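Chain residues, written in single-letter form:
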Amino acid sequence: MAEIHASETHKPEVDAVTGVTTTGHEWDGIKELNHPLPRWWLWTFYACIVWAVGYWVVYPAWPLVSSYTSGVLGWNSREAIQASMADLRAQRAEFAGKLDAASLEEIEQNPQLLAFARAQGRAAFGDNCAPCHGAGGGGAKGYPNLNDDDWLWGGSLEQIQQTILHGARSTDAAGHMGDMPAFGRDGILTHPQIVAVADYVRSIAGLEQVADAQLEEGKEIFAANCAACHGPDGKGNQELGAPNLTDGIWLYSPDKPTIIQAVANGRGAIMPAWQGRLDDSTIKALTVYVHTLGGGQ
Amino acid sequence: MNMATRDAQADEVGTDDGPLYEARRKIYPIAVHGRFRKIKWALLAITLGIYYLLPFVRWDRGPNAPSQAVLVDLANGRFYFFFIEIWPQEFYYLTGLLILAALVLFLMNAVAGRIWCGYLCPQTVWTDLFQAIERMVEGDPRERREKLKHASRAQRAFEAASKHTLWLMVAWWTGGAWVLYFADAPTLVMQLLKGEGPAVAYVWIGILTFTTYVLAGHMREQVCTYMCPWPRIQAALTDEYALNVTYRYDRGEPRGSFKKTQALKLQGLPGGDCVDCNQCVAACPTGVDIRDGLQLGCIQCGLCIDACDAVMNKINRPAGLIAYDTDMNVQAREQGRPTVTRLLRARTVLYAALIVVVGGIMLTTLATRGYEGLSVIHDRNPLFVQLSDGSIRNAYTLRLVNKELTSRQFQIAVEGVPDAVVEVVGGVPDTQGRPVVAVGPDQTYEARVLVSTHARLPQSASLQITFHAVDIESGRTASAPDHFKGP
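Residues numbered from 1 in each chain as written. Chains lettered and ligands numbered in written order. Predicted model: local features only at pLDDT ≥ 70, side-chain atom pairs only at ≥ 80, totals over all residues. Heavy atoms only, no water.

1. What about the overall build of chain A?
Thinking step 1. Assigned secondary structure in chain A consists of 11 helices and three strands.
Thinking step 2. When the helices and strands of chain A are placed in sequence order, the string is α-β-β-β-α-α-α-α-α-α-α-α-α-α.
Thinking step 3. For chain A, whose C-alpha radius of gyration is 38 Å, the value lies well above the compact-globule estimate of 19 Å for 297 residues.
Thinking step 4. Judged by the C-alpha coordinates and their principal axes, chain A covers about 130 × 50 × 45 Å.
Thinking step 5. Looking at chain A as a whole, 35% of its 297 residues qualify as buried. (Helix = DSSP H or I, 4+ residues; strand = E, 2+ residues; numbered from the N terminus. Rg over C-alpha atoms; globule rule 2.2 N^0.38 Å. Buried < 20%, exposed > 50% of the residue type's maximum accessible area, 1.4 Å probe, protein only.)

As structure tokens, this is what we get:
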């Protein structure tokens, strides 16, 4: 009795149109044809599960309370990145060595070294200098533009390297020194005198004048107080970081209130010293990069 | 059957009505001889010959480029194909080739169904080779069945071992040939023989040995029926005019043994030409019965045609009971209508036209492409620089491309900015004071270029500037546009 029943239920139904057996599943009269998957697909599936278990054993996988299962290979991403960095350094070693050996002038004359130094310099500039000087060295109010040909402390390769190494008004004793005094705040000049000298400075820069400008008085005050650093003709002095007041480039602004502000309260922007913070070859690359931005002399 | 075995069976099959998984039905096709078999042998020899030997073909390009005719130089980002050299940025040629390949596939399909599958697909070609090796070692299926009855265990083991060894050797050679496309072939062969080859070469040889051995030796037709998407796509692209391997049931049915049919015919009853010898099924590399009509498993290889024709010749009936034909024509003959074979149809003409157009575009771009290139990026920050003398300067990064295999000197010139002075950073002007950049053979060079002008520019000026890199010797020029910004 049981055998007859079994053979009846196990006889697969055959679809009349296609001649294919059905799975026996039916939804609202729609029946599913049975195209069995190859059995090796099932084995592939099991193999994937086994592979996954193997992965847990070999690689870091499961989080624990305060650590994780590290896997028998002991692989971790930090070591992987360190290995990649070491590879990179090894790859660059040849050029890095040449860069260390060459003088700044030699680097600029060798196209390959120049490209290498500029690439390294650009990266270092972005990490260290861009916050003040801007991503491309374009500068900002109070922070010099490194692309132009006007330099506070000199634009030759050696001068740029010196400035990067030791800074200006920095904690480094070898750094550039020289402040703009606060002529007004310290009571050296009166307010009308400051206004007169501001008008005079604008006049030697070729800027527009107000009608009541006291240029003669301004000139005298300039000769007595400013010429020591800025020079008798206002062309500046790179030894002291005194800017050229006659050209079209202004670290702050050429408008009168800004000039009055500078004379009254002084200026003294700080460039930090990078020696000790950056290694010598990075500073070398930075020097070449800044020098080749366009303004190098 | 008791309840326990019933349950066990239900467990195994997963459903009450049929199995969800089925075991592999091993297909062991017989050897056939005939027209299509000959074509397949010829194509096998040509395609595998090209694949295995092409890396050894030499092509002299001078001292600054490799002398291998076909080479994928991954380290330097170059692809060499005889006289053509492709740079990474010209990779669109590969896109064009893929489009062409797809169109050719569509055209083949419109003309004669899946003949790509039957004759040219690597899966088919290697499977064919592996099956030939199998038959060579173990004999034709009939022979083998006889042999298995008498053969000793040792002999069977020896034959199996020889077959797999030969398969692995072919698979290994397949992987070996693959890596030769990525390095100088003779050098790499020597390195590999000495065990000094790069690790990646051994890894790839291993991978391709494995895939060839598994796909051609073991998976075979399952790749076509379960893994390959083309049968599904093809079914959607075909039409009733495509010449497919067709069992002409108008002639073959009702099938029956030779004697039975002769007897029927004598009585004036209809008798078909098919003697139901099953040779078409035995010859089929995918194990289908072509007499069931056009089906997914059929790869259009035509081996059943050869098998059937051989039988028809033997019993003196006309060949072509199975042939490249259409079901439409079979029905037409059945009903006494004329048959139609139409090669020129909208789709064949369209595919052919598209092939010509795409091929034409590719050839034109290839023939007219320049051997020098220039691209420009304007400094983002600062956009312009005011110099102490009041002039305005813009800085650019230029990338010069020299696709020739010799060093070249390019003069950098600009157009569109009045009184422009051009300076190349780190560049040494030539004797005439022109800014000049040297670019090595088959290389690019990145130059920082400063353009300044004393001219008074309008407020917020943005001038159209064009850079020219002029080859000093040949005068050939690459140009690129950009902007010159002012305050």
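Moving on from the model shown.
2. A short note on the interface of chain A and chain B
Thinking step 1. Residue-level contacts link 39 residues of chain A with 31 residues of chain B.
Thinking step 2. Note on chain A versus chain B: buried area summed over both sides is about 3,000 Å², and carbon and sulfur give 52% of it.
Thinking step 3. Counting the contacts that link chain A with chain B gives zero salt bridges.
Thinking step 4. Along the contact surface separating chain A from chain B lie eight residue pairs in polar contact (both at pLDDT 80 or more).
Thinking step 5. Class assignment of the residues belonging to the side of chain A that touches chain B gives a composition of 14 nonpolar, 17 polar and eight charged. (Contact = heavy atoms within 4.5 Å. Buried area = accessible area lost by both parts, 1.4 Å probe. Salt bridge = Lys/Arg side-chain N within 4 Å of Asp/Glu carboxyl O. Polar contact = N/O pair within 3.5 Å; in protein donor to acceptor, adjacent residues only side chain to side chain. Nonpolar A, V, L, I, M, F, W, Y, C, P; charged D, E, K, R; others polar.)

3. Focus: the side chain of Arg408(B)
Residues and elements named next belong to chain B.
Thinking step 1. Structurally, Arg 408 is set in strand 10 (residues 408-415).
Thinking step 2. Given a relative accessible area of 4%, Arg 408 falls into the buried group.
Thinking step 3. At a separation of 2.4 Å, a polar atom in the side chain of Arg 408 contacts the side chain of Glu 372.
Thinking step 4. When residues no more than four places from it in sequence are discounted, the contact partners of Arg 408 are Tyr 371, Glu 372, Asn 402, Lys 403, Val 437, Ala 438, Val 439, Asp 471, Ser 474 and Arg 476.

4. What about the sheet that holds strand 12 (residues 436-439) of chain B?
Residue and element names in this part refer to chain B.
Thinking step 1. Overall, antiparallel pairing links the four strands, which are arranged 12-10-14-15 in an open sheet. The open sheet is flanked by strand 12 and strand 15 (477-485), the only strands paired with a single partner. Each strand of the sheet is rotated relative to its neighbour by a mean of 30 degrees, with strand direction disregarded.
Thinking step 2. As judged from the nine bridges shared by strand 14 (residues 462-471) and strand 15, these two strands associate in the antiparallel manner. Pairing of Gln 464 across the sheet is with His 483, part of strand 15. (Pairing = 2+ DSSP bridges. Axes fitted to C-alpha atoms, helices over the stretch in contact; angles between N-to-C directions.)

5. Quick notes on the confidence of the model for chain A
All names here are of chain A.
Thinking step 1. For chain A, per-residue confidence averages 90 on the pLDDT scale, and 96% of positions sit at 70 or higher.
Thinking step 2. By mean pLDDT, helix 1 (residues 2-9) is the weakest element of chain A at 44, and helix 7 (residues 157-166) is the strongest at 96.
Thinking step 3. Counting contacts from residues 1-8, a segment whose pLDDT is below 50, to residues more than four positions away or on other chains yields five contacts. (pLDDT = per-residue confidence, 0-100.)

6. A closer look at helix 3 (residues 77-101) of chain A
Thinking step 1. End to end, helix 3 of chain A covers 35 Å across 25 residues, agreeing with the expected 36 Å (1.5 Å per residue, within 8%).
Thinking step 2. Where helix 3 of chain A begins, the side chain of Asn76(A) points an oxygen toward the backbone nitrogen of Arg78(A), at a separation of 3.0 Å. (Expected span 1.5 Å × (residues − 1).)

7. What to know about helix 7 of chain A
Owing to its 3.6 residues per turn, the α-helix brings residues three or four apart onto one side.
All names here are of chain A.
Thinking step 1. All of the buried residues along helix 7 are Leu 157, Ile 160, Thr 163, Ile 164, Leu 165 and His 166.
Thinking step 2. Buried residues in helix 7 make contact with helix 4 (104-109) and helix 11 (280-291).
Thinking step 3. Positive phi shows up at Gly 167, right after helix 7, with a value of about 75 degrees.

8. Let's talk about the pattern of salt bridges
Between side chains of opposite charge, a pair can form as their charged atoms come close.
Thinking step 1. Evaluation of the coordinates by the stated rule reveals 38 salt bridges over all chains.
Thinking step 2. A salt bridge links Lys31(A) to Glu13(A); its shortest N-O distance comes to 2.7 Å. Here the residue Lys31(A) occupies a position in strand 2 (residues 30-33), and Glu13(A) occupies one in the loop between helix 1 and strand 1 (22-27), the gap between them amounting to 18 residues.
Thinking step 3. Of the charged contacts, one joins Asp442(B) and Arg78(B) as a salt bridge, the two residues approaching to 3.2 Å between their closest N and O atoms. Linking Asp442(B) in the loop between strand 12 and strand 13 (443-453) with Arg78(B) in strand 3 (residues 78-81), this pair joins segments that are 364 residues apart in sequence. Just as Asp442(B) is buried, Arg78(B) falls in that class too.
Thinking step 4. Within this structure, Lys26(B), Glu134(B), Glu138(B), Arg144(B), Lys163(B) and Arg220(B) form a network of salt bridges that share partners.

9. Notes on the side chain of Asp239(B)
Residues and elements named next belong to chain B.
Thinking step 1. Along the chain, the position of Asp 239 falls in the loop between helix 11 (230-237) and strand 5 (244-247).
Thinking step 2. A distance of 3.0 Å separates polar atoms of two side chains, one belonging to Asp 239 and the other to Arg 345.
Thinking step 3. A distance of 3.3 Å separates a polar atom in the side chain of Asp 239 from a polar atom in the side chain of Arg 347.
Thinking step 4. Sequence-distant contacts of Asp 239, that is, excluding residues within four places in its chain, are made with Arg 345 and Arg 347.

10. Some thoughts on the packing of helix 3 (residues 92-112) of chain B against helix 11 of chain B
Residues and elements named next belong to chain B.
Thinking step 1. Across the interface, helix 3 lies against helix 11 with an axial gap of 10 Å and an inter-helix angle of 60 degrees. Between helix 3 and helix 11, the angle falls in the class oblique. In this structure, helix 3 crosses over helix 11, and the sense of that crossing is right-handed. Residues Leu 105, Phe 106 and Asn 109 of helix 3 form the contact with helix 11, whose participating residues are Trp 230, Gln 234 and Leu 237. (Parallel < 35°, antiparallel > 145°, perpendicular 65-115°, else oblique. Left-handed = near helix turned anticlockwise from the far one by under 90°.)

11. A look at the sheet that holds strand 2 (residues 70-73) of chain B
Residues and elements named next belong to chain B.
Thinking step 1. Taken in spatial order, the three strands make up an open sheet running 2-3-4, and their pairing is antiparallel. Two strands in the sheet have a free side with no partner beyond their single neighbour: strand 2 and strand 4 (84-86). Neighbouring strand axes in the sheet, compared pairwise and without regard to direction, differ in orientation by 10 degrees on average.
Thinking step 2. Sheet topology note: the strand 3/strand 4 ladder contains three bridges and is antiparallel. Its bridge partner being in strand 4, Phe 81 is matched across the sheet by Ile 84.

12. Digging into the state of the cysteines
Working definition of a disulfide: a covalent bond connecting the sulfur atoms of two cysteines.
Thinking step 1. For the coordinates displayed, the defined rule picks out zero disulfides over all chains.
Thinking step 2. As a non-bridged cysteine, Cys121(B) has Cys117(B) as the owner of its nearest cysteine sulfur, 6.2 Å distant. (Disulfide = S-S within 2.5 Å.)

13. Focus: the environment of Phe91(B)
Residue and element names in this part refer to chain B.
Thinking step 1. Residue position: Phe 91 is located in the loop between strand 4 and helix 3.
Thinking step 2. Look at Phe 91 and you get exposed, because its relative accessible area is 52%.
Thinking step 3. Expressed as a C-alpha distance, the spacing of Phe 91 and Phe 79, which sit 12 residues apart in the sequence, is 9.4 Å.

14. Structural notes on the nonpolar core
All names here are of chain B.
Thinking step 1. Leu 374, Leu 398, Leu 400, Ile 412, Phe 467 and Phe 484 are the most contacted members of the largest nonpolar core, which has 27 residues in total.
Thinking step 2. Secondary-structure elements contributing two or more residues to this core are strand 7 (372-378), strand 9 (392-402), strand 10, strand 11 (421-424), strand 12, strand 13, strand 14 and strand 15.
Thinking step 3. Core analysis: the next-biggest nonpolar cluster, separate from the first, contains 23 residues, Tyr 93, Cys 224, Tyr 351 and Leu 366 among them. (Core = buried A, V, L, I, M, F, W, Y, C linked by side-chain atoms within 4.5 Å.)

15. Things to note about the domain arrangement of chain A
Thinking step 1. Here chain A is described as being made up of domain 1 (12-75), domain 2 (78-175 + 271-291) and domain 3 (191-265).
Thinking step 2. The C-alpha centroid of domain 2 of chain A is placed 57 Å from the C-alpha centroid of domain 1 of chain A. (Domains from an automatic or database assignment.)

16. Things to note about the packing of aromatic side chains
Thinking step 1. Following the criterion strictly, the structure yields 27 aromatic pairs over all chains and no others.
Thinking step 2. Centroid distance Tyr92(B) to Tyr93(B): 4.8 Å. Interplanar angle 35 degrees. Geometry classified as tilted.
Thinking step 3. Tyr92(B) sits in the partly exposed class, given a relative accessible area of 46%.
Thinking step 4. Through a chain of ring-to-ring contacts, three or more aromatic side chains come together here, namely Tyr51(B), Tyr52(B), Trp126(B), Trp173(B) and Tyr181(B).
Thinking step 5. Across from the ring centre of Trp274(A), 4.8 Å away, lies the NZ or CZ of Arg277(A), which sits over that ring.
Thinking step 6. Above the plane of the ring of Trp87(B) lies Arg78(B), whose end atom (NZ or CZ) is 3.6 Å from the centre. (Phe/Tyr/Trp six-rings, centres within 6.5 Å; stacked < 30°, edge-to-face > 60°. Lys NZ or Arg CZ within 6 Å of the ring centre and 35° of its normal.)

17. Quick notes on the packing of helix 5 (residues 122-138) of chain B against helix 7 (residues 153-180) of chain B
Residues and elements named next belong to chain B.
Thinking step 1. Contact geometry for helix 5 and helix 7: axes closest at 9 Å, N-to-C directions at 150 degrees. By the criterion of interaxial angle, the relationship of helix 5 to helix 7 is roughly antiparallel. As for the relative orientation of helix 5 and helix 7, their crossing is right-handed in sense. Across the interface between the two elements, Trp 126, Leu 129, Phe 130, Ile 133, Glu 134, Met 136, Val 137 and Glu 138 of helix 5 pack against Glu 159, Ala 160, Ser 162, Lys 163, Leu 166, Trp 167, Val 170, Ala 171 and Thr 174 of helix 7.
Thinking step 2. The class makeup of the residues in the contact of helix 5 with helix 7 is 11 nonpolar, two polar and four charged.

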